[in-house]
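Topology and contacts: notes
Each chain is listed here by its residues.
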Amino acid sequence: MNDDKSTAQRDTLKRITHKTLEAAKPAAKAYPIAIGNGLKLQVFPNGSKLWLYRYRFNNKANIYSIGSFPDVSLSEAKDKHKEARDLLANGTDPNRQKKAKKQASKFKQENTFEAMVNEWAIKKPAKTASTARGNKRLLAYAIKAFGNMPISEITAPMVLQVCDAKRDAGTIETANRIKIKCGQIFRYAIATGRLTVDPTAGLRGSREAPQSTPHKAVIKPVEIGALLRSLDTYQDRGQLNTVCALSLAPLVFVRPGELRGARWADINFDAAEWRYTPPKTRNKTAVDLIVPLSRQAIAILRKLEAINGRTEFVFNAPGNSEGFLSSGAVSGALKRLGYQGVMTGHGFRAMARTVAREELNFPASLLEMQLGHAIKDPNGRAYDRTSFLPERREMMQAWADYLDVLRIGAEVVPITRKALPPRIA
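Residues numbered from 1 in each chain as written. Predicted model: local features only at pLDDT ≥ 70, side-chain atom pairs only at ≥ 80, totals over all residues. Heavy atoms only, no water.

Side-chain alternation along strand β7 (residues 289-292) places Leu289 and Val291 on one buried face and Ile290 and Pro292 on a second face that is also buried. With four bridges joining them, strand β6 (residues 273-276) and β7 adopt antiparallel strand pairing. Note on β7: the bridge partner recorded for Trp274 is Val291. (Buried < 20%, exposed > 50% of the residue type's maximum accessible area, 1.4 Å probe, protein only. Helix = DSSP H or I, 4+ residues; strand = E, 2+ residues; numbered from the N terminus. Pairing = 2+ DSSP bridges.)

Turning our eyes to something else, we now look at helix α3 (residues 74-89). With 16 residues, α3 extends 22 Å between its outermost C-alpha atoms, agreeing within 8% with the 22 Å of an ideal straight helix rising 1.5 Å per residue. Within α3, the full set of buried residues consists of Leu74, Ala77, His81, Ala84 and Leu88. Along the axis of α3, the buried residues cluster in a sector spanning 80°; they form a single face. Exposed residues lying more than 90 degrees from the buried face of α3 are Lys82, Glu83 and Ala89. After α3 finishes, the residue Gly91 shows a positive phi value of roughly 85°. (Expected span 1.5 Å × (residues − 1). Arc of directions from axis to C-beta.)

With that settled, the discussion passes to the sheet that holds strand β5 (residues 267-268). Strand order in the open sheet made by the three strands is β5-β6-β7, with antiparallel pairing throughout. Sheet topology places β5 and β7 at the edges, where each strand pairs with a single neighbour. Sheet strands touched by helix α17 (residues 389-407): β6 and β7. Its angle to β7, the strand with the most contacts, is close to 45°. (Contact = heavy atoms within 4.5 Å. Axes fitted to C-alpha atoms, helices over the stretch in contact; angles between N-to-C directions.)

With respect to the element layout, Thr174 can be found in helix α8 (residues 172-191). Residues within four places of Thr174 in sequence aside, it is in contact with Arg137, Leu138, Tyr141 and Lys166.

Per the counting criterion, the structure on display carries nine aromatic pairs. A ring pair is formed by Phe253 and Trp399, whose centres lie 6.1 Å apart and whose planes are at 80°; its orientation type is edge-to-face. With a gap of 146 residues between them, Phe253 in the loop between α10 (240-252) and α11 (256-260) and Trp399 in helix α17 connect regions that are remote in the sequence. Accessibility expressed as a relative area gives 1% for Phe253, which makes it buried. Here Trp399 falls in the buried class, since its relative accessible area comes to 0%. Between Trp274 and Tyr276, the ring centres sit 4.6 Å apart and the planes meet at 25°, which makes this aromatic pair stacked. The cationic tip of Arg302 hangs over the ring face of Phe269; the distance from NZ or CZ to the ring centre is 3.7 Å. (Phe/Tyr/Trp six-rings, centres within 6.5 Å; stacked < 30°, edge-to-face > 60°. Lys NZ or Arg CZ within 6 Å of the ring centre and 35° of its normal.)

Here the focus is the environment of Gln296. Mapped onto the elements, Gln296 comes out in helix α13 (residues 295-308). We classify Gln296 as buried; its relative accessible area is 16%. Here the alpha-carbon distance between Gln296 and Ala400, two residues 104 residues apart in the chain, equals 6.7 Å. Contacts of Gln296, omitting those with residues within four sequence positions, involve Leu251, Gln397, Ala400, Asp401 and Asp404. At 2.9 Å, the side chain of Gln296 and the side chain of Asp401 are in polar contact. (Polar contact = N/O pair within 3.5 Å; in protein donor to acceptor, adjacent residues only side chain to side chain.)

What follows is the structure, given as structure tokens:
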């Protein structure tokens with residue numbers, strides 16, 4: 001009798017086809033169409049049909065949803081049903097496995113490279129607007145290539161391909177910066193538990209390093225005099241901020257960005273000093289740089305103060321996103337004066353370092369200290385910010401006076417000083 005019943009059930013299952021399931025009509029209550037081994041198609045009163053697999057795991061009844069019919073066909077349902085049974089046979093709960101896969105998929109979707117870039121920009125904001133713009137520009141190349149990919153699936157060759165495209169275009173420095181920025185994103189993902197390995201770590205030395213090029217600078221005294229006279233001609237056609245920045249740049253030895261971002265709060269007219277912490281050392285040593293201000297430098301600053309007033313920034317520019325003179329103002333002025341490819345804003349530092357050493361015979365170590373570079377004493381200890389300040393004051397005033405002499409076009413520059421500053425080890 002039981003054998004006859006089992007045979008009848010098998011015959012019924014054999015007759016179940018895709019068309020049979022399509023023809024199944026809804027009833028007042030949900031009812032199942034058994035397929036076998038716990039697999040069934042549940043037909044609901046609203047006409048929807050759902051594949052379900054009833055099973056037991058750890059002596060508890062469970063239902064595993066396979067999908068709706070006809071999106072999941074009969075043969076596909078049987079395949080998924082077999083996969084679930086194989087998991088059970090290996091001691092794995094199919095529902096738990098399904099949940100883990102869903103979470104992994106969601107994790108990948110939420111942690112794409114572009115998502116990491118956006119999060120990094122918020123959690124690790126750039127110190128200046130210009131740096132933020134630079135980061136965005138560099139990372140845009142990588143985002144275009146693999147921004148929508150999970151960060152865990154990005155490989156070293158993918159990053160290298162983006163970098164090689166810029167190298168092939170002749171911009172080796174940009175290619176190197178792209179790799180560096182991508183590495184920062186990967187390391188941020190590691191620190192926040194979204195990644196385990198930085199794929200750029202193995203790219204060191206994979207391609208030629210960018211060749212460093214010195215900043216263009218005028219270093220011959222006669223040419224310096226011509227440059228200073230050209231800068232003076234800009235007085236009639238330039239904006240006040242740009243004109244004063246051009247005049248002040250040769251006198252202070254600082255980086256262009258530090259000059260543009262100078263704050264009135266850091267300038268002490270009584271002491272004839274400008275004290276601030278250079279951005280390049282802010283996160284490392286937090287040691288202030290003291291710039292002794294020559295009489296010529298103070299005159300320029302007084303002029304700015306009288307016309308612009310005491311705003312936060314010396315070179316106040318409300319229209320610029322940073323609030324002060326833009327990075328292209330000085331370089332643009334030099335270009336208009338005919339010095340493109342000959343002199344840069346950063347070149348004023350190189351000019352001072354070279355000429356003050358060769359023509360005024362100031363010690364190189366004293367110049368390096370004034371340039372904000374780390375200088376150590378004979379015991380290997382770094383000099384503090386007040387070291388050799390009297391000698392540095394003399395040097396900065398002597399330099400400003402020397403530039404005045406060059407400006408008038410003197411062929412021989414007489415330099416008479418009581419004594420040279422002491423040599424620094």
